[in-house]
Amino acid sequence: MHETPPPTPPGPSTPAIPSASAAGPPAAAPPPSAAQTEPLAHGLKQRHLTMLGLGGVIGAGLFVGSGAGIAVAGPAIVVSYLIAGALAMLVMRMLGEMSAAMPASGSFSVHAERALGRWAGFSVGWLYWFLLVVVLAVEATAAAQIAHGWVPAVEPWAWVLLFMVVFTVANLTAVKNFGEFEFWFASLKVGAIVVFLVLGGLAVFGLLPDTDPVGMTNLTGRGGFLPNGWSGVVSGVLTVVFAFGGLEVVTIAAAETDDPARAVGRAVRSAVVRILFFYVGSMLVIVTVLPWTAQQAGLSPYVKVLDAIGVPSAGQIMNIVVFVALLSALNANLYGSSRMVFSLAERGEAPRGLLKVSGGGAGGSSGQAGGVPRRAVLASVAFGFVSVLLNLLWPDTVFLYMLNSVGAVLLFVWALIAASQLRLRARLEREAPEALSLRMWCFPYLTWLTLAGLLGVLVLMLTDDAARPQVLWSAGATALVLLVAAGREWRARRAGAEGSGGT
């Protein structure tokens, strides 16, 4: 990590709130005033944020990866998705509560710093940035493989280069361009799922041409609803829980709207329930229309269902949807990573050169709104390009280790979000209750239950031969970042003690 000087006084985007590492109990944050808004552009509209919340997690993990979950859980994959979706929904509610009260482009990294100390904000911010830029390579490579199948004359590396250039330009120009890309990408994905649910529902009741009512045969036959018992449900949870990653970008993007507190509240309320409906509804249709034994890992269950009910060219249609989903995720990850590293730079946790915005000033110093953090975008793209090259050159060695090192990072991030909410909610209720426009349900009991659930998933991953390397490598990456954070804290304290001794 780049060594930076002790943090400067809070800029426009950081209200003056003592961190948990400061002497004495930290104070709660008042709702940000107009003078405390981000130095970034406020070009995102409510429709952008709402659709980002709906479409941000609808990706290849659902359209293709769900087949692996069905293969291990059978029809009970519906229960697996309910459990994983409930965890994601609770985490998102906590994050929405904090982001509505204290919106910031660094979102949960800023909240962790305010709640637990600089080490927490530094650690979760850099871990999430690393997660996004590594996964970005997977998405770019997968999209390139699909495009290569359509146009074999163009090599996959050329497609990757094209995608990266297009989305880099889109993110360098204006935030509304990112918003428009995501709005239309998400609209296509949501529309595809709605059409799938309608067609699947009609097929279940035998209302399509040449179809008969399916009834409950596929849900209760071939081993019953729980063919592999509850252990199959647990294995299904481990398979599908990461498909809900991506919702966090909504709270990062909210800081670039005209009314962040209201925008994030509305986006969170609309997104979590509808996403749960799309995921669980899709799985229910799939395991009702076709026997669960017909599904295979690596093959899209959506294609199998569409083929079974007679939709022509179902495979190509779903290829287009998956292609759009991958590009959408690539775009969102590039945006999220650039804003996260920009926020780290604002707080002195990343090189301050990344604070330059397109409006001509530096974040926190120019006071000029309307800018795009171009250097932060380019820094994220540069590492993304490195990840892509590693994926193309050494997919089974170097890049596999990198991918494993971020495999469980999402669960660590969610756990820190829950821990931060426990601290900040109590402070806000005591010192700024008016800021709590969106509240976590049944606080603190559901927060503790969520933490226990996340710990349970990690423990179960350790007992699974396929998932264990991800937990161990991710734990190693997290320990390395925590070690760097501890070293920075020690140097800052030592510098402070020497400064006090000198005076």
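Shown above is the structure to which this text applies.
1. Structural notes on the overall build of the chain
Moving on, step 1. Helices and strands together make up the secondary structure of the chain, namely 19 helices and 0 strands.
Moving on, step 2. Within the chain, the fraction of its 503 residues that count as buried is 55%.
Moving on, step 3. Considering only intrachain contacts with a sequence separation of at least 6, the fraction spanning at least 24 residues in the chain is 79%.
Moving on, step 4. Carbon and sulfur atoms form 68% of the exposed surface of the chain, whose accessible area is close to 19,600 Å².

2. Some details on the side chain of Glu248
Moving on, step 1. Structurally, the position occupied by Glu248 is in the loop between helix H10 (229-240) and helix H11 (249-254).
Moving on, step 2. In this structure Glu248 is buried but unpaired, with Lys189 as the nearest side chain of opposite charge at 13 Å.
Moving on, step 3. At a separation of 3.0 Å, a polar atom in the side chain of Glu248 contacts the main-chain amide nitrogen of Gly246.
Moving on, step 4. Apart from the residues lying within four places of it in its own chain, the contact partners of Glu248 are Leu95, Phe108, Tyr128, Leu410 and Trp414.

3. Section: the environment of Pro469
Moving on, step 1. Mapped onto the elements of the fold, Pro469 is located in helix H19 (residues 468-502).
Moving on, step 2. Along the primary structure Pro469 and Asn404 are separated by 65 residues, whereas in three dimensions their C-alpha atoms are 6.6 Å apart.

4. Considerations on unusual backbone geometry
Among all residues except glycine, the phi angle is most often negative; among peptide bonds, the trans geometry is most common.
Moving on, step 1. Of the consecutive residues Phe443 and Pro444, the connecting peptide bond is found in the cis state with omega at 0°.
Moving on, step 2. Following the sequence through the fold, Pro444 ends up in the loop between helix H17 (409-431) and helix H18 (445-463).
Moving on, step 3. Its identity is not glycine, yet Ser313 carries a phi of approximately 55°, on the positive side.
Moving on, step 4. Its location among the elements puts Ser313 in the loop between helix H13 (301-308) and helix H14 (314-346).
Moving on, step 5. Even without being glycine, Cys442 reaches a positive phi, approximately 45°.
Moving on, step 6. On the accessibility criterion, Cys442 (54% relative accessible area) is exposed.

5. What about the pattern of salt bridges?
Moving on, step 1. Enumeration over the complete set of coordinates arrives at 10 salt bridges.
Moving on, step 2. A salt bridge links Glu256 to Arg339, with the shortest nitrogen-to-oxygen separation between them at 2.8 Å. Of the two residues, Glu256 sits in the loop between H11 and helix H12 (260-289) while Arg339 sits in helix H14, which places them 83 residues apart along the sequence.
Moving on, step 3. The exposure class of Glu256 is buried, given its relative accessible area of 0%.
Moving on, step 4. On the basis of relative accessible area, Arg339 is assigned to the buried category, the value being 1%.
Moving on, step 5. In this structure, a network of salt bridges that share partners links the residues Glu97, Arg425, Glu429 and Arg439.

6. Overview of the packing of aromatic side chains
Moving on, step 1. Taken as a whole and judged by the stated rule, the model has 19 aromatic pairs.
Moving on, step 2. Both rings, one in Phe196 and one in Tyr302, keep their centres 4.6 Å apart while their planes meet at 50°; by these two values the pair is tilted. Taken together, the residues span a long stretch of sequence, with Phe196 in helix H8 (residues 175-204) and Tyr302 in helix H13 at a distance of 106 residues. Neither Phe196 nor Tyr302 differs from the other in exposure class; each is buried.
Moving on, step 3. Look at Tyr401 and Trp473: their rings are 5.0 Å apart centre to centre, the planes differ by 20°, and that puts the pair in the stacked class. Taken as a pair, Tyr401 in helix H16 (residues 398-405) and Trp473 in helix H19 lie far apart in primary sequence, 72 residues in all.
Moving on, step 4. A relative accessible area of 44% means that Tyr401 is categorised as partly exposed.
Moving on, step 5. When its relative accessible area of 41% is taken as the criterion, Trp473 is described as partly exposed.

Rules used throughout
Residues numbered from 1 in each chain as written. Predicted model: local features only at pLDDT ≥ 70, side-chain atom pairs only at ≥ 80, totals over all residues. Heavy atoms only, no water. Helix = DSSP H or I, 4+ residues; strand = E, 2+ residues; numbered from the N terminus. Buried < 20%, exposed > 50% of the residue type's maximum accessible area, 1.4 Å probe, protein only. Contact = heavy atoms within 4.5 Å. Areas by Shrake-Rupley, 256 points an atom, 1.4 Å probe, with all protein chains shown as cover. Lys, Arg positive; Asp, Glu negative; His and termini not counted. Salt bridge = Lys/Arg side-chain N within 4 Å of Asp/Glu carboxyl O. Polar contact = N/O pair within 3.5 Å; in protein donor to acceptor, adjacent residues only side chain to side chain. Phe/Tyr/Trp six-rings, centres within 6.5 Å; stacked < 30°, edge-to-face > 60°.

None of the figures reported here should be taken as evidence of function without further support.
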